[in-house]
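Structural features, examined
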Amino acid sequence: MGEISLKLNGKLETRDVADNTLLVDFIREHVGLTGTHVGCDTSQCGACVIHLDGVSVKACTILAKQAEGADITTIEGLADGDELHPMQEAFHENHGLQCGFCTPGMVMSAVEMVTKNKDISEDEIREGLEGNICRCTGYHNIVQSVKAGAAKMGGKN
Amino acid sequence: MNEVTKIDGIGSSVRRTEDKKFLTGKGKYTDDINRPGQVQAYFLRSDVAHAKIKKIDIKNAQSAPGVIGVFTGDDIAADKVGGPICGWVVPCRDGSATKEPPHPLLAQGKVRFVGDAIAVVLAETAEQAKSGAELIDVDYEELSPVVDFENAGDGAQIHDEVPNNCYFDWELGDEKATADALSGAKKIVKLRVRNNRLVPNAMEPRCALAEFDNLDDSYTLHTTSQNPHLTRLVLAAFMFAIPESKLRVIAPDVGGGFGSKIYVYIEEAVCVWASKKVGRPVKWTADRTQAFLTDCHGRDHVNDVQLGLDENNKIVGLRVDTVCNLGAYLSAFSVVVPTYLHGTLLSGQYDIPAIYTNVKGMATNTVNVDAYRGAGRPEATYLLERTMETAAREVGMDPAEFRRINFIPKDAFPYQTQVALQYDIGDYEPHLDKAMEMIDYSNFEKRRAEAAKRGMYRGIGISSYIEACGLAPSAVVGALGGRVGLWESASVRVNPTGTISVFTGSHSHGQGHATTFAQIVADKLGIPMENVEVVHGDTDKTPFGMGSYGSRSLASGGSAISKAVDKIINKSKKIAAHLLEASEDDIDFKDGKFVVGGTDKEKAFGEIALAAYVPHNYPLETLEPGLEENAFYDPTNFVYPSGTHIAEVEVDPATGVVQVVDWAACDDFGNLVNPMIVEGQVHGGIAQGIGQALLEDAHYDENGQLLTASYMDYCMPRADDLPSFKVGYTTTPSTVNDLGVKGCGEAGAIASPPALINAVIDALSPLGVTDMSMPATPQKVWKAIQDSQSVAAE
């Protein structure tokens, strides 16, 4: 056991957890933010993607301990109060989600991809989403959403 | 229609009202819910495929840190809790019934597949439960595993009740007429196809949270279900023998189903049982490996097809002999999927005067096989559309034209097939024509030639499918061996201020019912959509309903809502007549207003609602106050969506990689309520079909070990495996329901696999390749290319 402190959606969270606690379990079970999902056990599906110091990370793949002192944003921290993030808005406008289970990870991955590359192309979007599996949408509308989100975030494509 | 309905009524691509919670991480899936004092369950599962259990030693597990209880099949049996049941059986050719072996919740004396549950460990944490389970010692006497379902009849007997490992041997159609037709045919096209085994893989793994309230002896179960009322019925009436009123089942947000969350699984029942046993809430969440091992799989058929043609290349007869794998136990709808949801679709879109099919359902030491998106209809479409393409090639006709001359003509509806179904309406040439136009079929050879210059093989493939959905007329279901009715329910409550609460027996797990159903109500009542709330998924709130599968939610559930709204309008007219001092017959309802015909006297819908609940001026002597109506809608026939999908691919001969370069889908779903949502359903269905055709394959080795039990080994379609899709529609409104709707959820998965494989074969046809099995992996395609070249060199 050991104490872990990190910043989660702008708020300092300190918990006493077992050393082998995964970051995703710290977020879901210990802090109680359940928007970050677990869809597999091999770091393939991407439902658990969060931002750690601005970088998208699969929260099932690192220990909470490794995130000590980090600044973490989850899907719950993306909107500005009631105002959706442009990428969330784009997913809504373009029907980029159906059952919603993969959506938090998709949106978090998309935001990071577009932040790094505002003029992202369709091929780059498809390649960039390789680590996020969706079973409902066939990705067509997710790709449209990311394109539209990129435009809202200042991209030219 | 008034302006409001133009914005959000039937036919509008309204953005989904349910999106915001999912986009902000506020969805509530079962695993997001926790109860104070809950314990975690972990199931010890068999790691051998077929064995007698000589001894289970749980002693060390019982004393492990954090462990609250360890239970085995004997504990369940002592409490006389029954196992899952089969919801639909069929008669066998020899007159005997489907063989239904028992399926104990936890193994009793024998394990029958890798993943079969042997014991449950309850502990304070999931990790402690898992660690505890590792201390259970199981002594097996291993038996010979039966994995190859085609030869399962020769294998070791899996159940005492199932001789030759054959659950059923069923037939449909006229065997003699078909034999006569084939013997008189000018040409017989023969094909053997395999429909590969798939894992549904909803992204949310299954989860159950059960609690027992000892004050009133009642249970509450939160679970990942497509049909909470069916789950309640099966658990209460068949497994626990308790009144339904003592069990509340809640299926909150559910992260995809695709059929895999229809059935009651043993884990749900064990959690319910254990919650009383230990007096604490019990939670179980599958990890993905357990999902692969224990969720019902789909497909897994081998079909031998014979298609007879006359001198004009018209079909004269079709015979299909099918063997399918149903796994270790009979799951709820496992029997109906390869029989009445498969054999009845063998006429496709074609006028076939004689059809006969025989289906043998086999037991094997693999996990149960049941419905997966399309459920029987993809298998029928695959074998038929592969055969149509092969036949066209063999007689030297363009595959589109060969289909066209065999289509059921537009004026032949209603059309009675030779395999029980009567299609009410359809028009097939328009969607073939439109799909060909969408993909620029006429210029394909130019594109093939251009690709060849780049060293690539380009191919095009067609699939014209039909499906029967909107399950189902209950009397027909009953006559064919179904043990349930398949009507759907709705309760429409008008609140005193005129807002509406709709309680539906359907369940949404991605389909967008909160939006689509609200559009129907808003359109019919002429009120804004935001005034309509849709409630589903909780047996304490919603009327008894049959849930969502088989593309039935709109055709059956939406029709029930529509009927309940009609009753609301009828009652409202009576109230309006009273308030307006007019005859009920003179009241027209239009644009949300009740108007005395030919006058300017009117009452708004909201005024009627208020009068119904504040009945100060109200015909109380003839009419009850309040404004709330129920409807149970039982369809008179299936609905029959149809369409044509055309795939275009490029094959790289150096690597065998198949790239899907274009896709045109033209579907006839009847009237569309929300085209945006329909399009999303089509996209998702096509992606799953492409997954089946190119990537996915559930593979057991000869020992019954599932080799593809993770996303490292089972290839799910990713964004960069797929193209964007062109989606179009033709429309023949269904005559079966008032809304004129069909169903769109499964169509993409039904249509797409044969289109894709036909395209791959077409691409490789210059090399002499005539067959390709699913999935067309790079290795398989590359090998086909190499083999063809070595043949050419000889």
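No experiment lies behind these values; they were computed from the predicted model shown.

This brings us to the overall build of chain A. Scanning chain A from terminus to terminus reveals five helices and five strands. The secondary structure elements of chain A, listed N-terminal to C-terminal, are β-β-α-β-β-β-α-α-α-α. Here the C-alpha atoms of chain A give a radius of gyration of 15 Å, agreeing with the 15 Å that 2.2 N^0.38 yields for 157 residues. Counting only residues that meet the buried cut, chain A has 57% of its 157 residues in that class. Nonlocal contacts in chain A, meaning residues at least 24 apart in sequence, comprise 62% of its contacts between residues at least 6 apart.

What follows covers the sheet that holds strand 26 (residues 642-651) of chain B. Note on sheets: strands pair through backbone hydrogen bonds, and any given pair is parallel or antiparallel. Residue and element names in this part refer to chain B. Spatially, the four strands line up as an open sheet ordered 18-26-27-28, and their pairing is mixed. Of all the strands in the sheet, just strand 18 (457-466) and strand 28 (726-730) have a single pairing partner and so form its edges. Neighbour to neighbour, the strand axes of the sheet diverge by 15° on average, direction disregarded. Where strand 27 (residues 658-668) lies against strand 28, five bridges are found, and the strand directions are parallel. When the bridges of strand 28 are listed, Cys666 appears paired with Gly728. Helix 12 (residues 428-438) rests against strand 18, strand 26, strand 27 and strand 28 of the sheet, and its axis sits at about 25° to strand 26.

Let's shift gears to the interface of chain A and chain B. Contact with chain A, which involves 43 residues of that partner, is made by 42 residues of chain B. Put simply, the parts of the chain that give the side of chain A that touches chain B at least two residues each are helix 2 (86-93), helix 3 (103-116), helix 4 (122-128) and helix 5 (140-152) of chain A. Class assignment of the residues belonging to the side of chain A that touches chain B gives a composition of 20 nonpolar, 16 polar and seven charged.

Another aspect to go through is the domain arrangement of chain B. One widely used convention gives an interface's size as the accessible area the parts lose upon coming together. Residues and elements named next belong to chain B. Domain annotation of chain B identifies domain 1 (38-143 + 206-285), domain 2 (298-471 + 637-793) and domain 3 (487-633). With centres defined by C-alpha atoms, the gap from domain 1 to domain 2 works out at 36 Å. Each partner contributes to the interface: domain 1 provides 23 residues, whereas domain 2 provides 23 residues. Each residue belonging to the side of domain 1 that touches domain 2 can be placed in one class, and the counts come to 13 nonpolar, seven polar and three charged.

Here the focus is the packing of helix 10 (residues 377-395) of chain B against helix 19 (residues 747-764) of chain B. All names here are of chain B. One can describe the packing of helix 10 onto helix 19 by two numbers: an axis separation of 8 Å at closest approach and a directional angle of 30°. By the angle between their axes, helix 10 is roughly parallel relative to helix 19. Handedness of the helix 10/helix 19 crossing: right-handed. Residue-level inspection shows Arg377, Pro378, Thr381, Tyr382, Glu385, Arg386 and Glu389 of helix 10 in contact with helix 19, the latter providing Ala749, Ile750, Ala751, Pro753, Pro754, Ile757 and Asn758. A class-by-class count of the residues in the contact of helix 10 with helix 19 yields eight nonpolar, two polar and four charged.

To continue, consider the domain arrangement of chain A. Residues and elements named next belong to chain A. Along its sequence, chain A is organised into domain 1 (2-77) and domain 2 (86-152). Summarising the inter-unit geometry, the C-alpha centres of domain 1 and domain 2 are found 21 Å apart. Counting residues at the interface gives 15 residues for domain 1, matched by 11 residues for domain 2. If you list the elements that add at least two residues to the side of domain 1 that touches domain 2, you get strand 3 (49-52) and strand 4 (55-58). Residue contributions to the side of domain 1 that touches domain 2 peak at three residues, all from strand 3.

Residues and elements named next belong to chain B. Pairing in this open sheet of seven strands is mixed, and the strands run 3-5-1-12-9-10-11 from one edge to the other. A single partner strand is all that each edge strand has here, and the edge strands are strand 3 (67-72) and strand 11 (247-250). Across the sheet, the mean angle separating the axes of adjacent strands is 20° when strand polarity is ignored. Here helix 5 (residues 126-133) sits on the sheet in contact with strand 1 (39-45), strand 3 and strand 5 (117-123), set at roughly 30° to strand 1. Most of the contacts of helix 8 (residues 266-278) go to strand 9 (residues 207-213), to which it runs at about 30°, and overall it touches strand 1, strand 3, strand 5, strand 9, strand 10 (218-223) and strand 12 (282-285).

All names here are of chain B. Regarding helix 12, the residues found buried are Tyr428, His431, Leu432, Lys434 and Ala435. Residues of helix 12 that are buried sit in contact with helix 11 (399-406), strand 18, strand 26, strand 27 and strand 28. Directly beyond the C-terminal end of helix 12, a positive phi value near 60° is found at Asp440.

It is worth spelling out the pairing of strand 22 (residues 587-590) of chain B at this point. All names here are of chain B. The pairing of strand 22 with strand 23 (residues 593-596) spans four bridges and is antiparallel. Residue pairing across strands places Phe589 opposite Phe594, the latter belonging to strand 23. Hairpin connection from strand 22 to strand 23: two residues lie between these consecutive antiparallel strands, with Asp591 at a positive phi of about 55°.

The next point concerns unusual backbone geometry. Residue and element names in this part refer to chain B. Along the chain, Phe413 connects to Pro414 via a cis peptide bond; the corresponding omega equals 0°. Put simply, Leu471 and Ala472 share a cis peptide bond, and its omega is -15°. The phi dihedral of Asn164 falls on the positive side, at around 55°, and the residue is not glycine. Its place among the elements puts Asn164 in the loop between strand 6 (137-142) and strand 7 (166-173).

Looking now at the pairing of strand 14 (residues 315-327) of chain B. Residues and elements named next belong to chain B. For strand 14, the tally of buried residues reaches 12 of 13 residues, placing the bulk of the element in the interior. Sheet analysis places strand 13 (residues 298-309) next to strand 14, joined by nine bridges and oriented antiparallel. Looking at the pairing, Asp304 lines up with Asp321 of strand 14. The hairpin turn running from strand 13 into strand 14, its antiparallel successor, is five residues long, and Asn313 in that turn takes a positive phi close to 65°.

Okay, the confidence of the model for chain B next. Residues and elements named next belong to chain B. Looking at chain B as a whole, the pLDDT averages 96, with 99% of positions reaching at least 70. Scored below 50 in pLDDT, residues 1-6 makes 10 contacts in the model with residues more than four places away or belonging to other chains. Interface confidence in the predicted complex, given as ipTM, is 0.98; pTM for the same model is 0.97.

The next subject is the nonpolar core. Residues and elements named next belong to chain B. Within the largest apolar cluster, 307 residues are counted, with the highest numbers of intra-cluster contacts made by Ala119, Val121, Val521, Leu756 and Val760. Examining the composition of this core, we find that 12 residues originate from one element, helix 19, more than from any other. With sequence-adjacent residues up to four places away left out, Val121 is seen in contact with Tyr42, Leu44, Ala61, Val67, Val70, Ala129, Gly132 and Ala133.

Residues and elements named next belong to chain B. Topologically, Gln306 is positioned in strand 13. Its 19 C-beta neighbours within 10 Å are what place Gln306 among the partly exposed residues. Measuring from C-alpha to C-alpha, the distance between Gln306 and Gly155 comes to 28 Å, with 151 residues separating the pair along the chain. When near neighbours in sequence (up to four residues on either side) are disregarded, Gln306 contacts Leu182, Ile188, Lys190 and Arg319.

All names here are of chain B. Within the secondary structure, Gly173 is located in strand 7. The buried category is assigned to Gly173, around which 24 C-beta atoms lie within 10 Å. Distance in space between the C-alpha atoms of Gly173 and Gln418 is 6.2 Å, their sequence separation being 245 residues. Excluding residues that lie within four positions of it along the chain, Gly173 makes contacts with Thr178, Ile355, Tyr356, Thr357, Gln418 and Val419.

Let's shift gears to helix 3 of chain A. End to end, helix 3 of chain A covers 20 Å across 14 residues, agreeing with the expected 20 Å (1.5 Å per residue, within 8%). Thr103(A), Pro104(A), Gly105(A), Met106(A), Val107(A), Met108(A), Ser109(A), Ala110(A), Val111(A), Met113(A) and Val114(A) are the residues of helix 3 of chain A that are buried. Buried positions along helix 3 of chain A lie against strand 3, strand 4, helix 2, helix 4 and helix 5 of chain A together with helix 2 (19-23) of chain B.

Criteria and thresholds
Chains are numbered independently. Their residues run from 1 in the order of the written sequence. Naming scheme: in the order in which they are written, chains are lettered from A and ligands are numbered from 1. For a predicted model such as this one, the threshold for reporting local features is a pLDDT of at least 70, and the threshold for listing and counting side-chain atom pairs is 80 or more; totals across whole chains, interfaces and linings nevertheless cover every residue. Each helix is a run of H or I in the DSSP string that is no shorter than four residues. Each strand is a run of E no shorter than two, and both are numbered from the N terminus. Atoms considered for the radius of gyration are the C-alpha atoms alone. The globule rule reads 2.2 Å times the number of residues to the power 0.38. Counts of 20 or more other C-beta atoms within 10 Å of a residue's own C-beta define buried residues, counts of 12 or fewer define exposed ones, and intermediate counts define partly exposed ones; C-beta atoms are placed from the backbone. This entry defines residue contacts through backbone-placed C-beta atoms, with two residues in contact when those atoms are within 7 Å. If DSSP finds at least two bridges between two strands, the strands pair. Inter-axis angles, ranging from 0 to 180 degrees, are taken between N-to-C directions of lines fitted to C-alpha atoms, where helices are fitted over the stretch in contact. Amino acid classes used here: Ala, Val, Leu, Ile, Met, Phe, Trp, Tyr, Cys and Pro are nonpolar; Asp, Glu, Lys and Arg are charged; the rest, including Gly, are polar. The start and end points of each domain follow an automatic or database-based domain assignment. Angle categories are assigned with fixed cut-offs, so that under 35 degrees is roughly parallel, over 145 is roughly antiparallel, 65 to 115 is roughly perpendicular, and the rest are oblique. Two helices that cross are described as forming a left-handed crossing if the nearer one is turned anticlockwise from the farther one by less than a right angle, and a right-handed crossing if clockwise. One confidence number per residue, pLDDT, is output by the predictor and ranges from 0 to 100. The term nonpolar core refers to a group of buried residues, namely Ala, Val, Leu, Ile, Met, Phe, Trp, Tyr and Cys, whose C-beta atoms join them within 7 Å. For a helix, the expected span equals 1.5 Å multiplied by the number of residues minus one.

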